[in-house]
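A look at the structure
Listed here are the chains, written in short residue letters.
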Amino acid sequence: MEVSVRKKAAKIFTDRWKDKGDEKQHTQSFWLELLNEVYGVSNPTGYINFELPVRNMKTRNFIDGYIEKTKVLIEQKSSHINLDKGERQSDGSILNPYQQAFRYNNHQPYNKKARWIIVSNFQEIRIHDMNNPYGTPAVIQLTDLSKEYYRLDFLIDKTNEDIEKETKVSIKAGGLIGEIYSELLEQYNEPDNPNTLESINVLSVRLVFCFYAEDAGLFGRKGAFRDYLEEVPALYFRRAIIDLFEVLDTPEAERDPYIGDKLGSFPYVNGGLFEERNIEIPNFTEHLRELILKNATSDFDWSEISPTIFGSVFESTLNPEQRREGGMHYTSIENIHKVIDPLFLNDLKEELALIQQMKQINRQRQRALEFQDKLANMQFLDPACGSGNFLTETYLSLRELENQVFTIIYGDSPRLDVVDDFIKVSLDQFYGIEINDFAVSTAKTALWIAESQMFEKTKELVYSNAEFFPLKLYINIIEGNALTMNWNTVIDKRDLDYIIGNPPFFGARLMSSEQTDEIKEIFDVQTGSGNLDYVSGWYRKAAEYIQYSAIKCAFVSTNSITQGQQVAVLWESLINDYDTVINFAYRTFKWESEASNKAAVHCVIIGFSTLKGEQSDKVIYQDDAAQVVKHINPYLLEAPNVLVHSRTTPLSDVPDIGIGNKPIDDGNYLFTKEEMDAFISEEPQSKKWFRPWYGAREFINKDPRYCLWVGEALPNELRAMSKVLERVKAVREYRLASKSKGTRKIADTPTRFHVENIPTSDYLLIPSASSENRRYIPIGYMDKNSMASNLVLIMPEADLYTFGVMTSNVHMAWLRTVGGRLKSDYRYSKNIVYNNFPWPNATEKQKELISKTAQTILDVRAKYPESSYADLYNEASMPPDLRKAHQNNDRAVMVAYGMEIGPTTEADAVAHLFKLYKKFSTE
């Protein structure tokens, strides 16, 4: 929109609104017209959202307006409201409109937090920049809008690109280091020697620190590192690097007086980074010299990296195991804040906001000093810290708060020569345990870089010329195995406040023998501990460590520990033995990996403590929404601590189910249709012995394979089919060669299966795995001539009532909650899902209705004979009449349970089922 056009539009808008201003009546039309007429937003109703609930507050509150694209939060008041005046809130606090909006913003998920908060009474628009939330807001009078419209351009231009930019820069930095690392490695005489790898890792860390220190101005001036090396030919480059490292580790007073001005101008770094003098440094090639002097220094600005992200990128670039996996790995800043915000940061921000708004200056400064002391006394432990990203981001967040404290204590333009005396938040508040030595070095470097960045921000804030170096020696990152060591040796739990982190993701079947032994040792060979994932060890260790304390913890974990048989094994001990309570939780979300060959991991975040550290209100987060609840159970539901154990018989009086057939045949008895036809053409007598074969995939996709089932063939019939006999012999030999004694034993009956479950009548088939994207797992009736594999469960002679209950949304909700997962797919199991399911105490009339609605589902399915279950149960292609048939069946089942059809959510339904389960299992 041209300037003249926008000015004219702003003038027309101002004239129209100068005498209006009722919050309830005019808010939406005011902002819709402003966006459309003045700023050219063609579809403003789709651009701005109104009346968004603030879900995780104790009372029901709403955000007046929110623009997601540009992260703008609007608090609108009527024209007669004084924007400086506070009003009493439902919790008794007195807040002015900005404080009110600030509180709402703190309760937003990290990726929804506003960059800008606008407070308006129609005639005046105040703009608060969240990069400086306690600064003086910009003010636009409505009458001046035609002259100052440009000051609201942020409504349509996304300006908060800091995180995205830092991420891109950090990834590029990792790529540069990867190139240098690869070239350096080729110069070593023994590149596979462990000593070589240790040396190149230390060398890489030092080079990165030098690159950063130069661009951040820590070496006195930008370009000092490059200027020192640019006249050094490749032949002498190694010697120049060694000399520099020695100088950086030597106090100025102890240096050789003849080293020259260029070397002598470098500061003393200390901190142990350059202390080791015996690392092996190879010769540098001309190409290496070019990579360092041009690519990594002249052409790149290291001061813009994010230490939170770069630490992980750096480690994954140079860590041999992760290099083999491909790609770079890092935890996004957004995901880190999902851990630290609800754990402690939201409360700190709200506390500081209230201090900022205090009117009595002396009292305000006193409270600010107390708040700074509080920040400086908080102690954090990450017992699987990796490259330190959780600790780094936490440090940065606390220092940001401390910088805001300075503006309260010293005003807007203080001049302080000595900054160190005023900064109280320090790296010695942060403790980490990490098993990988290189990751330890990386974590320390990331924290030093973070400290440097925040030091510079503080200098700018207080107009200081103080120097950052020398580094301190107090980074408490300990190399060791967190599962085998006593955490009290790292930090006494009496001094600790929070445990945070992202422990390793290894499934129970993917752990090494050493890791399996560690879990068994931690759980004292507890029954079922062999099925626990590796992350469970950190939960148990943390629960033991924080017992009888108020320490609060939050871990990112694979969602497997909140599903299936792991739940009871892990959480029964945590709850009963260690008084563990869950304070907040993020339900399953995708944790994307940057590795090229890695799929997304499905994770949860669980914040927990002992009863001593329990929060009165708990919060469950899902899909950027938050729900305040009174209790969270290990399935991450607002329900009692009922744990579903594996059981071999059904909880209710219902038919038994079992797996299908398990051949153990090395594939000799299974054929595609084409393979079967070709086999029959060579062996015509075999035709009568082939039967359709259905596993979960074949059933859902209506694409059977075929099984050569000769278990009941007579010896003379087998001898008459030479091709079939060849298959039988192959199966026998395969079983005899097995390491399993049980498999070798069934080699004596090669025509029979290891597990045989062949119904004599039609049966109900339940796939053991189904996509998470389906609302209903497809289950259905099969004729007795179709054979089921061990990848499905079958129920012979299941009646329509049974089918109706099992295909209902109530049963599906139970599955989604207590069932395990295969990757992200639902995993239906007999001993956890089916046998523990509490069936309704239905009347005969209710059973009759459910049978009727179940039959309707089958009738509707029959109308689509060419469609597979994958077609019919895809949410995008599900026929409307099939959806309606299921909904009618759902209602009939809910009535049988006594559930209210209208207001009952899936979580409500599961909570009801848990109560029934508890009742049935104790009777």
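Residues numbered from 1 in each chain as written. Predicted model: local features only at pLDDT ≥ 70, side-chain atom pairs only at ≥ 80, totals over all residues. Heavy atoms only, no water.

A few words on the overall build of the chain. What the chain contains, in helices and strands, is 32 helices and 28 strands. Across the chain, contacts joining residues at least 24 apart in sequence account for 71% of those joining residues at least 6 apart. Of the roughly 40700 Å² of accessible surface on the chain, 47% is carried by carbon and sulfur atoms. (Helix = DSSP H or I, 4+ residues; strand = E, 2+ residues; numbered from the N terminus. Contact = heavy atoms within 4.5 Å. Areas by Shrake-Rupley, 256 points an atom, 1.4 Å probe, with all protein chains shown as cover.)

Our next topic: the sheet that holds strand β22 (residues 763–767). Across the sheet, which stays open at both edges, the four strands sit in the order β18-β26-β22-β24 with antiparallel pairing between neighbours. Here the strands that pair on one side only, and so sit at the sheet edges, are β18 (658–659) and β24 (780–782). As paired elements, β18 and strand β26 (residues 792–796) share two bridges and run antiparallel to each other. Across the sheet, residue Ile-659 finds its bridge partner in β26, namely Leu-793. (Pairing = 2+ DSSP bridges.)

Counted under the stated rule, the structure contains five cavities of 30 Å³ or more. Each pocket or cavity is described by its volume, and for the largest cavity that value is around 60 Å³. In terms of lining residues, the largest cavity is bounded by Trp-571, Ile-575, Thr-580, Val-581, Ile-582, His-631, Ile-632, Asn-633, Pro-634 and Asn-641. Only α20 (566–578) and β14 (580–591) provide two or more residues apiece to the lining of the largest cavity. Element by element, the count of residues in the lining of the largest cavity is highest for β14, at three residues. Class assignment for the residues of the lining of the largest cavity results in six nonpolar, four polar and no charged. The space that makes up the second largest cavity amounts to roughly 50 Å³. If you trace the second largest cavity, you find 12 residues lining it, with Gln-108, Pro-109, Asp-341, Asn-346 and Tyr-586 closest to the centre. (1 Å grid on protein atoms, 1.4 Å probe; cavity = no way out; pocket = protein on both sides within 12 Å on 5 of 7 lines; lining within 4 Å. Points joined across faces, edges and corners; volume = space filled by probe spheres on them. Nonpolar A, V, L, I, M, F, W, Y, C, P; charged D, E, K, R; others polar.)

Attention now goes to the packing of helix α14 (residues 333–356) against helix α15 (residues 361–377). In contact at an axis separation of 9 Å, α14 and α15 are set at 160° when each is read in the N-to-C sense. The orientation of α14 relative to α15 falls into the category roughly antiparallel. In terms of crossing hand, the pair formed by α14 and α15 is left-handed. Residues Leu-348, Glu-351, Leu-352, Ile-355 and Gln-356 of α14 form the contact with α15, whose own contacting residues are Gln-364, Arg-367, Ala-368, Phe-371, Lys-374 and Leu-375. (Axes fitted to C-alpha atoms, helices over the stretch in contact; angles between N-to-C directions. Parallel < 35°, antiparallel > 145°, perpendicular 65-115°, else oblique. Left-handed = near helix turned anticlockwise from the far one by under 90°.)

Following the sequence through the fold, Ile-832 ends up in helix α28 (residues 830–834). The spacing of Ile-832 and Pro-650 is 182 residues in sequence and 9.7 Å in space, taken between C-alpha atoms.

Structurally, Ser-557 can be placed in strand β13 (residues 552–558). At 2.5 Å, the side chain of Ser-557 and the side chain of Tyr-539 are in polar contact. Ignoring any residue separated from it by four or fewer positions in sequence, one finds Ser-557 in contact with Phe-505, Val-535, Tyr-539, His-602, Cys-603 and Val-604. (Polar contact = N/O pair within 3.5 Å; in protein donor to acceptor, adjacent residues only side chain to side chain.)

Not every positive phi belongs to a glycine, and Glu-51 is a case in point at roughly 55°. Among the structural elements, Glu-51 can be located in strand β1 (residues 49–54). A positive phi is found at Tyr-548, a non-glycine position, where the angle reads about 65°. Checked against the element boundaries, Tyr-548 lands in the loop between α19 (536–546) and β13. On the accessibility criterion, Tyr-548 (65% relative accessible area) is exposed. (Buried < 20%, exposed > 50% of the residue type's maximum accessible area, 1.4 Å probe, protein only.)

What follows covers the side chain of Asn-668. Its place among the elements puts Asn-668 in the loop between β18 and β19 (670–671). Under the relative-accessibility criterion, Asn-668 is labelled buried at 14%. For Asn-668, the side chain forms a polar contact with the main-chain oxygen of Asp-665, separated by 2.8 Å. Filtering out sequence-adjacent residues up to four positions away, Asn-668 remains in contact with Arg-727, Ala-730 and Val-731.

Let us look at helix α9 (residues 234–248). Helix length check: α9 (15 residues) gives 21 Å between terminal C-alpha atoms against 21 Å at 1.5 Å per residue, within 8%. Looking at the buried residues of α9, the elements they touch are α7 (194–215), α8 (224–229), α10 (261–264) and α11 (286–298). (Expected span 1.5 Å × (residues − 1).)

Counting residues in each nonpolar core, the largest one holds 116 residues, and the members touching the most others are Trp-487, Ile-499, Tyr-539, Trp-571 and Phe-914. If sequence neighbours within four positions are ignored, Tyr-539 has contacts with Phe-555, Ser-557, Ile-561, Leu-570, Trp-571, Leu-574, Ile-606 and Phe-608. The next biggest cluster of nonpolar side chains, apart from the first, holds 101 residues, and it includes Ile-180, Phe-237, Leu-398 and Val-425. (Core = buried A, V, L, I, M, F, W, Y, C linked by side-chain atoms within 4.5 Å.)

In this fold, Ile-777 is placed in the loop between β23 (769–770) and β24. In this structure the C-alpha to C-alpha distance between Ile-777 and Tyr-869, which are 92 residues apart in sequence, comes to 9.2 Å. Not counting the four nearest positions on each side in its chain, Ile-777 is found in contact with Pro-767, Ser-770, Met-812, Leu-815 and Tyr-826.

This part takes up the environment of Thr-143. Along the polypeptide, Thr-143 turns up in the loop between β8 (138–141) and α5 (145–148). Residues Thr-143 and Asp-15 lie 128 residues apart in sequence; the distance between their C-alpha atoms is 8.2 Å.

Note on aromatic pairs: each is described by the distance of the centres and the angle between the planes. Taken as a whole, this structure holds 47 aromatic pairs when the rule is applied. Seen from their ring centres, Tyr-869 and Tyr-873 are 6.2 Å apart, and the 45° between their planes marks the pair as tilted. The same class applies to Tyr-869 as to Tyr-873, namely buried. Here the aromatic residues Tyr-635, Tyr-801, Trp-814, Tyr-834, Phe-837, Trp-839, Tyr-897, Phe-914 and Tyr-917 are joined through ring pairs into a cluster of three or more. Across the ring face of Trp-116, the terminal group of Arg-115 is positioned such that the distance to the ring centre comes to 4.4 Å. In this structure, Lys-847 packs its charged tip against the face of Tyr-801, placed 5.5 Å from the ring centre. (Phe/Tyr/Trp six-rings, centres within 6.5 Å; stacked < 30°, edge-to-face > 60°. Lys NZ or Arg CZ within 6 Å of the ring centre and 35° of its normal.)

Pairs can form between side chains of opposite charge once their charged atoms are near each other. Using the criterion set out here, one finds 34 salt bridges in the structure. As a salt-bridge pair, Glu-351 and Lys-374 come within 2.7 Å of each other at their nearest N and O atoms. Within this pair, whereas Glu-351 is found in helix α14, its partner Lys-374 is found in helix α15, the two being separated by 23 residues in sequence. Among the salt bridges present, the one from Glu-698 reaches Arg-697, with a minimum N-O distance of 3.3 Å. For Glu-698, a relative accessible area of 5% gives the class buried. One network of salt bridges, with partners in common, ties together Glu-351, Arg-367, Glu-370 and Lys-374. (Salt bridge = Lys/Arg side-chain N within 4 Å of Asp/Glu carboxyl O.)

This part covers the pairing of strand β6 (residues 116–120). Walk down a regular strand and you will see the side chains alternate between the two sheet faces. Summarising burial for β6: five of the five residues are buried, a large majority. Both faces of β6 are covered, namely the face carrying Trp-116, Ile-118 and Ser-120 and the face carrying Ile-117 and Val-119. In the sheet, strand β3 (residues 72–76) pairs with β6 via five bridges, with the strands oriented parallel. Paired with Glu-75 across the bridge in β6 is Val-119. Judged from the five bridges that link them, β6 and strand β7 (residues 124–129) form a sheet pairing that is antiparallel. Along β7, the bridge assignment pairs Ser-120 with Ile-125. The turn linking β6 back onto β7 is made up of three residues, and Phe-122 within it adopts a positive phi angle of 75°.

Across the interface, α15 lies against helix α16 (residues 389–410) with an axial gap of 9 Å and an inter-helix angle of 160°. Here α16 runs roughly antiparallel to α15, going by the angle between their axes. Classified by chirality, the crossing of α16 by α15 is left-handed. Residues Gln-364, Arg-365, Ala-368, Leu-369, Phe-371, Gln-372 and Leu-375 of α15 form the contact with α16, whose participating residues are Leu-398, Leu-401, Glu-402, Val-405, Phe-406, Ile-408 and Ile-409. Taken together, the residues that form the contact of α15 with α16 break down as 10 nonpolar, two polar and two charged.

Here we come to the confidence of the model for the chain. Summing up the model confidence of the chain, the mean pLDDT is 86 and the portion of residues at 70 or higher is 90%. Confidence drops under pLDDT 50 across residues 322–329; counting only partners more than four residues distant or on other chains, this segment forms 35 contacts. Scored below 50 in pLDDT, residues 593–599 makes 18 contacts in the model with residues more than four places away or belonging to other chains. (pLDDT = per-residue confidence, 0-100.)

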